[in-house]
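So you can see what is in the structure, the chains are spelled out below.
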Amino acid sequence: MPSENIAQGLSALSKAETLQAIKERPLNARILDLVIIHYSEWLNMPEQCLTTVKSQFDSNVIVRSSSQQEDTAGSSLAGEFLSVLDVPLDSESLTKQINAVFASFGKVAPDDQVFVQKMLTNVEVAGVAFSHDPNTGAPYTVINADLSGDTASITSGTGEEGHTWFILHGTPATLSWQIALLEMMEQLSHYFEGSPIDVEFAFSEGQLYLLQARPLWISKTYAASDPQLQLELRCIEKKLNRLSQPHPYLHGKTTMYGVMPDWNPAEIIGIKPRALALSLYKELVTDDVWAHQRADYGYRDVVGFPLLTVLGGTPYIDVRTSFNSFIPATLDSKLADKLVNDYLQQLAAHPQSHDKVEFDIVISCFTFDLDSKLDALGHHFSRDEKAQLKASLIKLSNRIFSGIWRDDLNKIERLVDKQKTIVNSDLNKIDKIYWLLQDCKSFGTLPFAGLARCGFIAVQLLNSMRSCGLLTEQEVEQFMLSIETVSSQLVQDQKELSMQALIAKYGHLRPGTYDIDSARYDEAPERYFCEMNHEEKGQCVDFSISLRSLNAINEELTKNQLEIDAVGLLNFIKEAIEAREYAKFIFTKSLSDAIKIIEALGNQLGFTRAEMANVDIKDILKLYSTSLSAKESIKASIHLGRNYHSLSQAIKLPALICDVSEVRLFQLLEDEPNFITQLHVTGEPIVWHEQQSKAALKGKIVFIDSADPGYDWLFSTGIVALVTQYGGRNSHMAIRAGELGLPAIIGAGEKHFHSWKRYKMITLDCLKQKVECTQ
């Protein structure tokens, strides 16, 4: 093809023809010689085709697909068809493999092709690269690379050595092969007239090879040169530099920011929430409620420090502030500073623990393996310092066991009456919204935060009983099955209650608790409520324990000066987990009713539900005590929220920010998934979306980005397993899955989640903590 017409015609060419056309143009990468074989040629003159291949190459080859079905306008079937590596040059082997590649097309057209190239050897790096984030169109070069030398593992999805980098356009890389790759991407972008592209590449003996180039079909792309985007990135960098400095009121020399530690916003409101959901979460939990609860329970007082910081539209937890809030208030200040710095260093060294910091890093309560955790702190903590920390944690835990959490449960019960009082009053919409949220903070999220802390401590205790041999795996699983929470009650109620009764009891729930765009159960009952048969799970089982085990637990409690016996402790664990889930169920009614009235207020003022999703809740709350125009205030808030959310789509940041340089270049974390139960299941994965029917989910392994309490209905649809991208070992859905005996992976991480969901069948082996996939 004439080189001057390459830019105009590349998108119309096959995979093989595209490579042949680019080979004629200047490029800082090599393209191996190729022989293209049309299906019509192969049918009519196979011997001539074989002769051409043998005359062109003198060593083993690769036979690759180039079907018309690949990379058509608006879609891509990358990796769907067969390519065969390391094929000998004898006629029998070539014939067999060329036939196999054509057969993988299914229905083969006369113009379909395969092409043959020399088999590349001594490959150090191989993978794919996208000129833009293929999910959002954000201006980042996304590189998925296998460092094992396998040239097919990334596209086929079989590689275990895959690593992913995001590099903002215009940001220099540091690795030699990445520097060459970015230069090649820039050249190819010119040949494709600036359209997004997707390439396959290999790096061998200091030389970059282009294996494939094709258009990347994305509905919208963003430019890194956009002034608003560059301004936001500079603001992010300045904020990170400023907030990472030492603070006189906080322990720790620096900080990090994560989407999953502590109150895990990624799981509750998502990575890019709209303004209303984000501002509600801040108002009800992370601005100050969270810190008041920690101080009330005997932890260090950090009231005044927001837990959540928004960077480029993504909600991040300030890890240093979080770690400070887990230090017992009675602990010496010098030791507290030493601990926080040690925790931060541990997380920097083990970033995959960002969604399980209280399990893997922070020591925040008494557990039966506490001595082992203290020993793991290392020799830079003296025996006396470890003893001080242990004494402080035991004192704090005894205070919690004494029953302060029951005061929180009583507050939750008071909220039930307050909800009815406000909703049934003659107050106008703005006043109802204001008081529903005020009551929700004082009698909902504040006591819930206390009960959630108890629920976490309960799970820590249970896990430590297992790890110390005080309970077996089977006993822990039986104990979890004995817990009765809202989820198990919902499953049971669907067997016994009428639709009207179900709506009255559960109608306020939403799959996205803070999201106005997420329909309530009472708005779409046919979507959320299922007919249940009596064999389906939901009924709790009794838990029993031997006298020997009780005595062993009592002995450990006495030895560690805990002011509770074994029976009391087991009752605390059960009641704390149940109370946490009950409190969540109650406070979300205040929240859901407030969101419903916010929608009604928007309708009254001429704004749709979708538009109201962009409002900052503070702009509504200030209408209670000012004479500002409601319509103009909300209109301005919508405009600001919508524009910022749109801008945020162009920004990709890591799940854990350890250094300001990661704003523009970072490697995706190698997450460690959280397996729930000890069960084993094989099934077909299905990615949940809002309009999906319940019938489509039955018998499937459901994949969902994140799931909060409003997703409890999923457990009554007959799913066989659940996989979430975000979530922690002690999160809501982890408790639900354990309670119902449902195999689950809660918090698979971005890399695993997007890889596993592509397969036709997957096997979850929760006991061995393995996932096996079948194409």
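Residues numbered from 1 in each chain as written. Predicted model: local features only at pLDDT ≥ 70, side-chain atom pairs only at ≥ 80, totals over all residues. Heavy atoms only, no water.

Draft legend 1. Highlighting the packing of aromatic side chains. Applying the stated criterion across every chain, the model contains 23 aromatic pairs. On the numbers, 5.5 Å between centres and 80° between planes, the contact of Trp165 with Trp177 is edge-to-face. Taken together, the residues span a long stretch of sequence, with Trp165 in strand 7 (residues 162–168) and Trp177 in helix 7 (residues 176–191) at a distance of 12 residues. Look at Trp177 and you get buried, because its relative accessible area is 8%. When the ring of Trp405 is compared with that of Phe572, the centres are 6.0 Å apart and the planes differ by 75°; the resulting orientation is edge-to-face. Note that Trp405 is positioned in helix 16 (residues 383–423) and Phe572 in helix 23 (residues 566–605), a separation of 167 residues in sequence. (Phe/Tyr/Trp six-rings, centres within 6.5 Å; stacked < 30°, edge-to-face > 60°. Helix = DSSP H or I, 4+ residues; strand = E, 2+ residues; numbered from the N terminus. Buried < 20%, exposed > 50% of the residue type's maximum accessible area, 1.4 Å probe, protein only.)

Draft legend 2. Representation of the side chain of Lys652 in the model. Locating Lys652 in the fold gives a position in the loop between helix 26 (630–648) and strand 13 (656–657). Overall, Lys652 belongs to the buried group, its relative accessible area being 16%. Aside from chain neighbours lying at most four places away, what touches Lys652 is Asp133, Tyr140, Phe166, Val663, Phe666 and Glu750. (Contact = heavy atoms within 4.5 Å.)

Draft legend 3. Region of interest: the sheet that holds strand 2 (residues 61–66). Read across the open sheet, the four strands follow the order 1-4-2-3; overall the sheet is antiparallel. For this open sheet the edge positions go to strand 1 (34–38) and strand 3 (84–87), each flanked by a neighbour on one side alone. Strand-to-strand twist in this sheet, taken as the mean axis angle between neighbours without regard to direction, amounts to 25°. In the sheet, strand 2 pairs with strand 3 via two bridges, with the strands oriented antiparallel. For Val63, the partnering residue across the bridge sits in strand 3 and is Val84. Those strands touched by helix 5 (residues 91–103) are strand 1, strand 2, strand 3 and strand 4 (113–118), and its axis lies near 25° from that of strand 2. (Pairing = 2+ DSSP bridges. Axes fitted to C-alpha atoms, helices over the stretch in contact; angles between N-to-C directions.)

Draft legend 4. Representation of the environment of Asp226 in the model. One can find Asp226 in the loop between strand 9 (207–215) and helix 8 (227–243). As a C-alpha pair, Asp226 and Leu647 span 421 residues in sequence and 9.8 Å in three-dimensional space. In this structure the side chain of Asp226 is engaged in a polar contact, spanning 3.0 Å, whose partner is the backbone nitrogen of Gln228. (Polar contact = N/O pair within 3.5 Å; in protein donor to acceptor, adjacent residues only side chain to side chain.)

Draft legend 5. The arrangement of the pairing of strand 22 (residues 770–774) in detail. Pairing of strand 21 (residues 761–765) with strand 22 involves five bridges; the strand directions are antiparallel. Looking at the pairing, Ile762 lines up with Cys773 of strand 22.

Draft legend 6. Seen up close, unusual backbone geometry. With a phi close to 55°, Glu193 is a non-glycine residue in the positive phi region. Mapped onto the secondary structure, Glu193 falls in the loop between helix 7 and strand 8 (197–204). Non-glycine residue Gln561 carries a positive phi angle of around 60°.

Draft legend 7. Expanded view of the pattern of salt bridges. Using the criterion set out here, one finds 30 salt bridges in the structure. We note a salt bridge from Asp262 to Arg294, for which the minimum N-O separation is 2.6 Å. Linking Asp262 in the loop between strand 10 (257–258) and helix 9 (265–268) with Arg294 in helix 11 (residues 289–296), this pair joins segments that are 32 residues apart in sequence. Looking at Asp262, the relative accessible area reads 18%, which means it is buried. The salt bridge involving Arg406 is made with Glu575; its shortest N-O contact spans 2.8 Å. (Salt bridge = Lys/Arg side-chain N within 4 Å of Asp/Glu carboxyl O.)

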